[in-house]
Each structure stands twice: as C-alpha cells, then as structure tokens.
Amino acid sequence: MNWLRAVSIAAVVLLLIPIAVLLYYGLGPFRSPAGYTTAVFRSIELSIVASAVAALIDFALFTPVAYYLARGNDAIVESLIDIPVGIPHPIIGVALLILDSPLTPTGQFLLFLGINFFNTILGLVVALVIMSAPIYIKAMQPFFESRDASAEEFAMGLGASRMRTLVSIVLPDSVSGVVSASLVAMSRALGEFGSISIIAFYVLQYPFYGVSPASVTIFQLFNGAIPGGLNAAVTASAAMILVALPITVAGHFFRRRSR
Amino acid sequence: MIEVRVRAHAGHFRLAAEVNGSGVTCVAGRNGAGKTTLLRAMAGFLKIDEGHVIVGGLDVTRLPVEKKGVVLVTPSSTFQHLDVDSHLVWGRKLAGKQILEDQVSKAKSELGIDFGGRVGKLSLGMRERVSLATALLTEPKVILVDEAFASLHDREEFITAYSRLLVGARIDLVFSSQDASDGKLADHLYLIDEGVTTRNN
C-alpha cells in the first residue's frame, strides 16, 4: 500500500467535493433556466474577454519581471510582488477607486486624461491585472530558472543586452511556458470577485453595456436578485465552472509540455 | 593581448589566477581545478573580488558582459530555435556588421560545417562547430572555450584550423583542457590546480 499516494488522492478529493456537488446540483436537480439566460452568458463572456486581455497584459509587462527575477538576485522587487497577494481583494478595489476618484489629485489627473476605472472595462482589466500578475510571475520565474543559462550567456557575450537576450533567445524557446503561465493567470482572473465587485460591479461600455462580470452576476443571483435566485446561482456557477475548467486543463497541458 | 589577474570565489572555492598572452592560450587542469571558474570570471559571469581583466589594453573588468568583447563558448552555447545559417551570423547582425558571404563560407568549410537545419536537432559535435563558428564570425576580442572542443571527432585538427582563423581575425583564444599535452596546440600553457594558475613554458 502506497500511503503517500492514498493520502494525496484523498486530500485532493476533499478539495474537489464541493465543486463536484455544485456541478451535480447545478446541472441536475437545481437546474434553473434563470441560470443560463443570455444575461448570464454575456457576463461569462465579459469575464473571459477581460481575463484574456489581463493575461495578455501580464505577458507583455511581467515576462521581463519574471526573467529579471530568475536571472538577477533582487530580493526587494521579489517581495514587492507579494504585496497585492497578501491584501484582501476588496481593498484593491477600494484602492483603485481612490486612485481614480474625483476627490483625489491623482484621480483628477487621470480623469482629466480620460482614464476612468469606475464601472469601466478598463477598471475591470486593471483590477484583474493586479490580481493575476503575481500568479503569472510566480509561474514564469521557475520556468526561466530551470532553463540552462548557457545560451543566454553566449548571446550576451556576442553583444546582446539582457532585454535583447530575453526577446530573441529566451522567448522563442519558451512558448509552452508562456502559454501555460498566461492560462494560469487567466484562470486566476476569471475567479476574481473581491476587487472587481467594487471597481466594476458592472461596466458601462460597448459591447458590454450594463453587463457584470460572471462572479458578480452569480453573487447577485445568490443574493436573490430574482425569485428562485439560489437555483439560478447554482446553475450559473456550474456553467462558469464548465467554461473555466478547459482553461485550467489547457494550462496544465502546456506546463507538462514545457518540462 | 589579454592580461588577467583575478581573485574570486564560488562558494568555498577560491580562485587566484593569472593569465597573460596573445594568440592561443591553453589552461589545463583536472576536474574541479577551477578552469570553468576562471573562464567564467574572465567572461564576467562570476563576480571578481579583486584584480582586473584587460583586453587589448582596455580594462573591461567593470564593463557589462555584452560590452566586454569576450565570448564564452560551452557545449550548450547554442540557440536551439535558429537554423545553422542564421545562427552563424546572429552576433554579426546584432552588432550591425556587414555579413560577408566569403567569410561565412570559408569558416564553414574550414570548420567542417557542411550541414544545415535547425540547430536544436543537430548532434552535440555539430552544435559545437556551429557555436564556435558563430563566435568567430562575430569577431569579439577574445573567445573563451570551455570544454566546447570535447565532442569533435577531429579535435586537434579542428583546434589548429580554428586557431588559424582566429589569428587571421586578430582574436585571442583561451581554451580549457584536462590534458596538459594540449599545450602543443597553443602559444601559451597555464596549469591550474585548486584555483591557482602557474605558467608553463
């Protein structure tokens, strides 16, 4: 008997029981048409689009950070990244609100530039980037660390800067790692609730005018926004899980390939 | 012309080495003697506690790696995703130097590169040829070769041909070896043991 294996499987099953139960009831006994209305699907769509954009921004802005941390030795930057992770998520929403409030000079300046976070797609994406970027970095950094540095050192000897080495040598060789980390970041963004329920309870822009992110919609249904809301919330949650699951699985697939 | 006098440490290992000379220099010692540590210190990948690395009269000790004009070649110094021809001129292109077809084809024929395709799919010996030729065609001031001659079936002939090409391009070569008799392929021989070099004439 392999006890380590038995304990591991049992522990993971414990982790998954609530989700399995939710899927069962959402798609079975509690299934409610109010859980898969156009409005619900629109909000899942908004969540997917905003999370994908956030993951793209994570890639563009934070791949260099992950590489810098993997090859440098910068304990300060490394610990700064953990700050958003350690803060209760609604606080990030409040922080964005204050940053961009007409009552503060920073907000007055941003609003003057036409940058508005409150109930906008922009605000939603910014919050999702803040919540998912640390996850992206934490996924990318070990990937870079596990690479043999010889090719990079060779490139630098031939005259390439660190940034140039990252773009021309490391990235073409890291596609599966980047895709995996981006998908992990995207799943993280899809699951975000706390910060976006404050900064972007719903968004007021084309093509998502009046649409709430999926997690917020589910919360509203649960709170009884419509009669029979609990069943609708359970069904909508099950739908959300079915959408999010392939993204997680794909991330896992690419991570295995990148090893 | 290179003038190296360095003290450095990697963990508990202490390096106190001196290498001077122009042309081809061989650093010979057994496993763990400090050959790689010395070459990494010279290339700028190991922090130097004390001393200097002077290349062609210019003190490059504090310059960033990409500005030293010193290339370290190891058996893993390849860009897997490139094909052979774009690999060979990668450094030249980067520096904005003109790519001379004659020069490239001469290097290819002298160094036995009669194959093409994606570098990641080549055998180890083939990859070593490609990375050594890439370093040569980039025309740095110094090429440091750590074990990268090891998998060549015509090792001695290759080192001789490579040295001839480097002399023509006025590039100094320092290569490591387990075998002091490789000194016959070099203008200067240094022996290294427990991180300390001694000159052998």
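Residues numbered from 1 in each chain as written. Chains lettered and ligands numbered in written order. Predicted model: local features only at pLDDT ≥ 70, side-chain atom pairs only at ≥ 80, totals over all residues.

Caption draft 1: Structural context of the overall build of chain B. Tallying secondary structure elements over chain B gives 7 helices and 10 strands in all. Computed over its C-alpha atoms, the radius of gyration of chain B comes to 16 Å, within 12% of the 17 Å expected for a compact globule of 201 residues. Overall, chain B is about 45 × 35 × 30 Å in size when its C-alpha atoms are taken along their principal axes. Taken over 201 residues, chain B has a buried fraction of 46%. If you take every contact in chain B between residues at least 6 apart in sequence, the share linking residues at least 24 apart comes to 71%. (Helix = DSSP H or I, 4+ residues; strand = E, 2+ residues; numbered from the N terminus. Rg over C-alpha atoms; globule rule 2.2 N^0.38 Å. Buried ≥ 20, exposed ≤ 12 C-beta atoms within 10 Å, placed from the backbone. Contact = placed C-beta atoms within 7 Å.)

Caption draft 2: Spatial organisation of the interface of chain A and chain B. Each partner contributes residues to the interface: chain A has 14 residues there, and chain B has 21 residues. When residues in the side of chain A that touches chain B are grouped by element, the largest group, 6 residues, is from helix 7 (residues 150–157) of chain A. Of the residues contributing to the side of chain A that touches chain B, the split by class is 7 nonpolar, 4 polar and 3 charged. (Nonpolar A, V, L, I, M, F, W, Y, C, P; charged D, E, K, R; others polar.)

Caption draft 3: Local environment of unusual backbone geometry. Cis geometry marks the peptide bond from Y206 of chain A to P207 of chain A; its omega dihedral reads 0°. Within the secondary structure, P207 of chain A sits in the loop between helix 10 (196–199) and helix 11 (214–222). Even without being glycine, E139 of chain B reaches a positive phi, approximately 55°. Considering the arrangement of structural elements, one finds E139 of chain B in the loop between helix 6 (124–138) and strand 7 (142–145). One non-glycine residue, E194 of chain B, adopts positive backbone phi at about 45°. Examined against the element boundaries, E194 of chain B turns out to sit in the loop between strand 9 (188–193) and strand 10 (196–200).

Caption draft 4: Layout of the pairing of strand 2 (residues 13–21) of chain B. With 9 bridges joining them, strand 1 (residues 2–10) of chain B and strand 2 of chain B adopt antiparallel strand pairing. Among the inter-strand pairings, H9 of chain B is bridged to a residue of strand 2 of chain B, identified as R14 of chain B. (Pairing = 2+ DSSP bridges.)

Caption draft 5: Main features of the pairing of strand 1 of chain B. All names here are of chain B. Counted along the chain from strand 1 to the antiparallel partner strand 2, the turn is 2 residues long, and its residue G11 has a positive phi close to 65°. Relative to strand 4 (residues 48–55), strand 1 is paired through 7 bridges, and the arrangement is antiparallel. Bridge pairing in strand 4 links E3 to I54.

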